[in-house]
Every structure is written in C-alpha cells, then in structure tokens.
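# Architecture and fold: a report
The primary structure of each chain is shown beneath.
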Amino acid sequence: MGRAKEAMKDPSIQQIMSDPVMRQASDHLRVLDDMQSNPTSAAKHMQDPMVKRNIDLLVAAGIIQMR
C-alpha cells in the first residue's frame, strides 16, 4: 500500500482522482465506483480515451488494480 500512498502525493494523480469525468459518468455513478461494482462496465468506460488514459495511469501508479 506504500506505493499507492506515495502516488497520491503526485499532482497528476490527485488531478485524476478529482477530475469530474472520473468522478461522474453519464449515469451519475462514479466511473471508478461503477467499474468496481459492475466490472463489465469497464469496457464501456475504457472506450473514452481520456478515461482510459487516466485508468492506465492509476493502474501504473498502484492506485487501482484491474483484474
């Protein structure tokens, strides 16, 4: 968990985590929450290039895991 904690100090990671697009999808569910509660929604969200880039950065930083 130390890696994720350190990554949260990164301004670009902080920006992603507070980004309105990442926090709210078209159905008013948070993208990250939606992906966690409904893993099949990940494919839908990953079609958005900005969301995909942000998710890829969060995975690389150790903030989230994709299974």
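Residues numbered from 1 in each chain as written. Predicted model: local features only at pLDDT ≥ 70, side-chain atom pairs only at ≥ 80, totals over all residues. Heavy atoms only, no water.

## Some details on the overall build of the protein chain
For the protein chain, the helix and strand inventory stands at 6 helices and 0 strands. Mapped in sequence order, the helices and strands of the protein chain form the string α-α-α-α-α-α. Burial status across the protein chain gives 28% buried among its 67 residues. Counting every atom, the protein chain has about 4800 Å² of accessible surface; 56% of that belongs to carbon and sulfur. (Helix = DSSP H or I, 4+ residues; strand = E, 2+ residues; numbered from the N terminus. Buried < 20%, exposed > 50% of the residue type's maximum accessible area, 1.4 Å probe, protein only. Areas by Shrake-Rupley, 256 points an atom, 1.4 Å probe, with all protein chains shown as cover.)

## Some words on the nonpolar core
One finds Ala-7, Ile-13, Ile-16, Met-22, Val-31, Met-35, Ala-42, Val-51, Ile-55, Leu-58, Ala-61 and Ile-64 forming the largest nonpolar core, which totals 12 residues. Going through the elements one at a time, helix H2 (11-18), helix H4 (31-37) and helix H6 (49-61) are the ones with two or more residues in this core. With 4 residues, H6 is the largest single contributor of residues to this core. Apart from residues no more than four positions distant in its own chain, Ile-16 is found in contact with Met-22, Asn-54, Leu-57 and Leu-58. (Core = buried A, V, L, I, M, F, W, Y, C linked by side-chain atoms within 4.5 Å. Contact = heavy atoms within 4.5 Å.)

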